[in-house]
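# Structure assessment
So you can see what is in the structure, the chains are spelled out below.
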Amino acid sequence: GDRPLPECQRLGFREDIVTMAKTSPSLADEVYVQVMKQLTENPSERSVVLGWKVMLRLCQQVRPSAKLDEFVRTFVMQSTKS
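Here goes a summary of the coordinates provided.

The rules behind each value
- Residues numbered from 1 in each chain as written.
- Predicted model: local features only at pLDDT ≥ 70, side-chain atom pairs only at ≥ 80, totals over all residues.
- Heavy atoms only, no water.
- Core = buried A, V, L, I, M, F, W, Y, C linked by side-chain atoms within 4.5 Å.
- Buried < 20%, exposed > 50% of the residue type's maximum accessible area, 1.4 Å probe, protein only.
- Helix = DSSP H or I, 4+ residues; strand = E, 2+ residues; numbered from the N terminus.
- 1 Å grid on protein atoms, 1.4 Å probe; cavity = no way out; pocket = protein on both sides within 12 Å on 5 of 7 lines; lining within 4 Å.
- Points joined across faces, edges and corners; volume = space filled by probe spheres on them.
- Salt bridge = Lys/Arg side-chain N within 4 Å of Asp/Glu carboxyl O.
- Expected span 1.5 Å × (residues − 1).
- Arc of directions from axis to C-beta.
- Contact = heavy atoms within 4.5 Å.
- Polar contact = N/O pair within 3.5 Å; in protein donor to acceptor, adjacent residues only side chain to side chain.

### Here's the deal with the nonpolar core
It is characteristic of soluble globular proteins that their nonpolar side chains tend to be buried jointly. Counting 16 residues, the largest nonpolar core has Ala21, Tyr32, Val35, Met36, Leu39, Met55 and Leu58 as its most contacted members. When contributions to this core are tallied by element, the ones reaching two or more residues are helix 1 (7-21), helix 2 (25-39), helix 3 (45-61) and helix 4 (66-81). Top contributing element to this core by residue count: helix 2, with six residues.

So this is what it looks like as structure tokens:
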């Protein structure tokens, strides 16, 4: 499998993803969709934890479009119930 990245590198990539999402609303929506796909039925617990860290930063820093907002909210609510 892939070798894990050092924590400082993961933090840098996470911030790069969030910074990129801030550049345009359509890009922000695409990042949200890709993170949700990464979190859906992912068998790797480590990958899921890292994905949720990205999702947390996104939700703190970048709002999804009005079209995607309710979908993201529902995804997060349903995912945290299980």
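### Notes on the layout of surface pockets
One water molecule sets the probe size; rolling that probe over the atoms shows where empty space is left. One number sums up the size of the second largest pocket: a volume of about 160 Å³. Lining the second largest pocket are Tyr32, Cys59, Val62, Arg63, Pro64, Asp69, Val72, Arg73 and Val76.

### As for the pattern of salt bridges
Taken as a whole and judged by the stated rule, the model has four salt bridges. For Asp69, the salt bridge identified is with Arg63, shortest N-O distance 3.3 Å. Of the charged contacts in the structure, one is a salt bridge between Glu70 and Arg73, with a shortest N-O distance of 3.4 Å. Of this pair, Glu70 and Arg73 both sit in helix 4, separated by three residues, roughly a single helical turn. Through salt bridges with shared partners, a single network forms among Arg63, Asp69, Glu70 and Arg73.

### Digging into helix 4
Taking 1.5 Å per residue as the helical rise, helix 4 with its 16 residues ought to reach 22 Å, and the 24 Å between its terminal C-alpha atoms agrees with that figure. Residues of helix 4 that are buried include every one of Leu68, Asp69, Val72 and Phe75, and no others. Buried residues of helix 4 fall within an arc of 135 degrees about the axis and therefore sit on the same side. Residues of helix 4 that are exposed and point over 90 degrees away from its buried face: Ala66, Gln78 and Lys81. Residues of helix 4 that are buried sit in contact with helix 2 and helix 3.

### Thoughts on the side chain of Ser47
By secondary structure assignment, the location of Ser47 is in helix 3. For Ser47, the side chain forms a polar contact with the side chain of Gln38, separated by 2.5 Å. Side-chain polar atoms of Ser47 contact the side chain of Asn42, separated by 3.0 Å. Leave out the neighbours within four places in its chain, and Ser47 touches Gln38 and Asn42.

### Some points on the environment of Thr40
Along the chain, Thr40 falls in the loop between helix 2 and helix 3. Taking the C-alpha atoms as reference, Thr40 lies 9.6 Å from Phe75; in sequence the two are 35 residues apart.

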